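Fold and geometry: a report
Residue-level listing of the chains:
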Amino acid sequence: MTAGAAAAAAAAGNSALRGGTDTASGPEAVGPVVADARAAQPWWEGLGFAGRKKVLDAWRVLILRRAEELVDLIRAETGKTADDARLEVVLVADHLRWSAAHAARVLGRRRVRSGLLMFNQSATVEYRPLGVVGVIGPWNYPAFIPIGPVAAALAAGNTVVLKPSELTPGVGRWLADTLAEAVPGPAVLRVVTGGGQTGAALCRAAVDKISFTGSSATGRRVMAACAQNLTPVVIEGGGKDAMIVAADADLDAAADAAVWAAMSNAGQTCVGLERVYVVAEVADGFLRLVGDRAGALRTGERPDADLGPIVLPRQIEVIRAHVQDAVARGARLVLGGPESFAPPHVAPIVLADVPEDSIALTEETFGPVLVVNRVASVDEAVARANAVSYGLGASVYTRDRAQGRSIAGRLRAGMVSVNAVIAFAGIPALPFGGVGDSGFGRVHGPDGLREFSRSQAVTSQRFRPFMQPNSFARDPGTMRALLRMVRALYGR
Ligand code: NDP
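Below: a short report on this structure. (Residues numbered from 1 in each chain as written. Predicted model: local features only at pLDDT ≥ 70, side-chain atom pairs only at ≥ 80, totals over all residues. Heavy atoms only, no water.)

This model, assessed by the stated rule, comprises 29 salt bridges. In this structure, Glu68 and Arg86 form a salt bridge, with 3.2 Å as the shortest nitrogen-oxygen distance. On the criterion of sequence distance, the pair formed by Glu68 in helix α5 (residues 67-78) and Arg86 in helix α6 (residues 82-107) is long-range, its members being 18 residues apart. For Glu68, a relative accessible area of 42% puts it in the partly exposed group. Among the residues examined, Arg86 registers a relative accessible area of 34% and is labelled partly exposed. For Glu126, the salt bridge identified is with Arg109, shortest N-O distance 3.1 Å. (Salt bridge = Lys/Arg side-chain N within 4 Å of Asp/Glu carboxyl O. Helix = DSSP H or I, 4+ residues; strand = E, 2+ residues; numbered from the N terminus. Buried < 20%, exposed > 50% of the residue type's maximum accessible area, 1.4 Å probe, protein only.)

Moving on, we come to helix α4 (residues 48-65). The terminal C-alpha atoms of α4 lie 26 Å apart, and with 18 residues this matches the ideal 26 Å at 1.5 Å per residue to within 8%. Those residues of α4 that fall on the buried side of the exposure criterion are Arg52, Val55, Leu56, Asp57, Trp59, Arg60, Leu62 and Ile63. Buried residues along α4 sit against α3 (30-46), α5, α6, α7 (144-155), α8 (169-182) and β6 (189-193). (Expected span 1.5 Å × (residues − 1). Contact = heavy atoms within 4.5 Å.)

On to the sheet that holds strand β2 (residues 110-112), then. What holds strands together in a sheet is hydrogen bonding between their backbones, with the strands either parallel or antiparallel. In spatial order, the strands read β2-β3-β21; together these three strands make up an open sheet with antiparallel pairing. The open sheet has two edge strands with one neighbour each: β2 and β21 (453-461). Taking each pair of neighbouring strands and ignoring which way they run, the sheet shows an average axis angle of 35 degrees. Here nine bridges tie strand β3 (residues 121-129) to β21, and the two strands are oriented antiparallel to one another. Note that in β21 the partner of Pro129 across the bridge is Ser453. (Pairing = 2+ DSSP bridges. Axes fitted to C-alpha atoms, helices over the stretch in contact; angles between N-to-C directions.)

Within the element layout of this structure, Thr478 appears in helix α18 (residues 478-490). By relative accessible area, Thr478 is classed as buried at 6%. Non-local contacts of Thr478, meaning those with residues more than four positions away in its chain, are made with Met467, Gln468 and Pro469.

Neighbouring the ligand are 31 residues, the closest being Gly137, Ser215, Gly237, Cys270 and Glu364. At a separation of 3.4 Å, an oxygen atom of the ligand approaches a polar backbone atom of Gly214. Side-chain polar atom of Glu364 to an oxygen atom of the ligand: 2.5 Å apart, as the coordinates give it. For the ligand, the protein covers 91% of the area, taking 900 Å² as the surface of the free molecule. Secondary structure elements with two or more residues in the shell around the ligand: α9 (196-204), β7 (209-213) and α10 (216-227). Partitioned by chemical class, the residues of the shell around the ligand number 13 nonpolar, 13 polar and five charged. Here the shell around the ligand gathers at least three residues from each of two domains, domain 1 (3-237 + 443-453) and domain 2 (241-430). (Near = heavy atom within 4 Å. Polar contact = N/O pair within 3.5 Å; in protein donor to acceptor, adjacent residues only side chain to side chain. Areas by Shrake-Rupley, 256 points an atom, 1.4 Å probe, with all protein chains shown as cover. Nonpolar A, V, L, I, M, F, W, Y, C, P; charged D, E, K, R; others polar. Domains from an automatic or database assignment.)

Once that is clear, we can look at the packing of aromatic side chains. Tallying each qualifying case throughout the model produces six aromatic pairs. Ring geometry for Phe119 against Phe466: centres 6.2 Å apart, planes inclined by 45 degrees, an arrangement best described as tilted. Here Phe119, found in the loop between β2 and β3, pairs with Phe466, found in the loop between β21 and α18; they are 347 residues apart in sequence, far enough to count as distant. Taking relative accessible area as the criterion, Phe119 reaches 39% and is therefore assigned partly exposed. Judged by relative accessible area, which is 75%, Phe466 ranks as exposed. Measuring from ring centre to ring centre gives 6.3 Å for Phe424 and Phe432, while their planes differ by 55 degrees; the resulting arrangement is tilted. In terms of burial, Phe424 and Phe432 fall into one category: buried. (Phe/Tyr/Trp six-rings, centres within 6.5 Å; stacked < 30°, edge-to-face > 60°.)

A few words now on the packing of α6 against α7. Two elements in contact, α6 and α7, have axes whose closest approach is 9 Å; the angle formed by their N-to-C orientations is 15 degrees. Here α7 runs roughly parallel to α6, going by the angle between their axes. Crossing angle aside, the handedness with which α6 passes α7 is right-handed. Taken together, the residues of α7 that come into contact with α6 (itself represented by Glu88, Leu91, Val92, His95, Leu96, Ser99, Ala100 and Ala103) are Phe144, Ile147, Ala151, Ala152 and Ala155. Class assignment of the residues belonging to the contact of α6 with α7 gives a composition of ten nonpolar, two polar and one charged. (Parallel < 35°, antiparallel > 145°, perpendicular 65-115°, else oblique. Left-handed = near helix turned anticlockwise from the far one by under 90°.)

Of all five residues in strand β9 (residues 241-245), five are buried; the element is thus mostly enclosed. Pairing of β9 with strand β10 (residues 273-279), which is carried by five bridges, proceeds in the parallel orientation. For Ile244, the partnering residue across the bridge sits in β10 and is Tyr277. Relative to strand β17 (residues 393-397), β9 is paired through four bridges, and the arrangement is parallel. When the sheet's bridge partners are listed, Ala242 is paired in β17 with Ala394.

Another point: α3. Relative to the 24 Å expected for 17 residues at 1.5 Å per residue, α3 spans 25 Å between its end C-alpha atoms, a close match to the ideal helical length. Taken as a whole, α3 carries its principal kink of about 35 degrees at Ala40; the proline Pro42 stands between one and four residues after it. Those residues of α3 lying buried are Val30, Val33, Val34, Asp36, Ala37, Ala40, Gln41 and Trp44. Just past α3, the residue Gly48 takes up positive phi, approximately 75 degrees. (Bend = angle between axes of the 7 residues up to and from the residue.)

This part covers the sheet that holds strand β18 (residues 415-418). If you walk across this open sheet you meet the seven strands as β11-β14-β15-β10-β9-β17-β18, and the pairing is mixed. Strands at the two margins of the open sheet, each flanked by one partner only, are β11 (332-335) and β18. Looking at each pair of strands side by side, their axes are set apart by 20 degrees on average, direction ignored. Across the sheet, helix α15 (residues 378-385) is in contact with β9, β10 and β15 (369-375); its angle to β10 comes to roughly 160 degrees.

In structure tokens form, the structure reads like this:
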């Protein structure tokens, strides 16, 4: 469907053609959908920041009005608890609001100093949309994770083609459908559903950027496919987040946060907590608190459950292998064990004294398993926290805020929370992303908006310069005089 046809359909009130309800499926659907998104992009860009903000604000209001519908859909596709799904909706609204409200300030044209050498020029920079952005999302937060790149890309003036996980196509479709109701023109968020092959086709479709969130292994395949067209990519990969607990920490608060960060969403969170390094003198007390709190959690189908199912059946074997390997190497089971596995559910497991080279400490577990290891000092904790290939999030507990900041600065992680966990994800002005196997590029915040834009520098001559170095007609002494001037100014 071309933009013109889409606009005509919109005028005719044909909502099936306007929005995600015409969702296409499979790799062969990708090309035509990307072509439609490309055709719609100039219209969307032409609305300007103010026009796009109006639409995105209306979308946010609609999402919140129908929040429980989205909660039900997230639950139906992922099995997560109602409160875990509500948390997603809260974050979706906040990030959408931020991107719409701040795009003009972050991306709009602004003057920059032209400097002494070029003082006859006025200089401006602005950030223009890339065109069509492809967003490939995971199933674990099917609304919150895609909304970061989707909101930023749309606010910047791009149109978007979203490929949700094959496990959560309904949430992707719902987002596109509700936006279609708010857009007075062609669809600017399109959805293609299907498995990995559909994602691979989107990578090959010569879109202007791919934002990928998923496992680091798939991220490598995405990058290889994007290399064919030199399509730039953002990779939000997996994580192995660590918490450092110093001797002066509020142990109650640290234990409460550790259990929530490790066990909420049944541990299926990219910035979920998987490792704690606690200073030896407070380790026993901390472990007792963690064991008590995690042991009180309810797992299963019951309506008051704290932990829902493990969504990917094969992940259960990964979790089991990590626990078995750790125990075989001498780790201590503080809570749970083989009896914790009742597929599709896994009840909380807490391990202590786990050898650092076991897979439970080197690879992403992505389940409700927390490793708590004691260390002699904060310095050792930092060294161990940094000793993995991932570098996504981290947290630090200490009553000394200056120490907290200093430890944060030494951690190889894209995001760190001091005396809190995962707080960075709820602050839309902060960039979100990692280093190493956790990927590169950023979503959220000003960095996220710029990620889906291209800078354009424009100069405009205000008056003819006294010396004209950029001309074959320059005076013979011009370059010598210029060098003398630069030496005088900057040569000392
Ligand atoms: P996957 O890597 O399995 O899949 C992610 C997305 O990529 C899915 O939509 C998937 O489709 C698609 N895909 C699969 N193969 C290809 C391919 N060859 N080319 C293009 N796309 C492809 O991750 P999960 O969905 O299992 O999500 C869990 C992972 O995501 C964990 O590692 C977690 O840490 C990470 N994650 C990272 C976050 C971050 O911000 N850093 C946030 C959330 C999760 P399909 O599902 O249909 O196969």
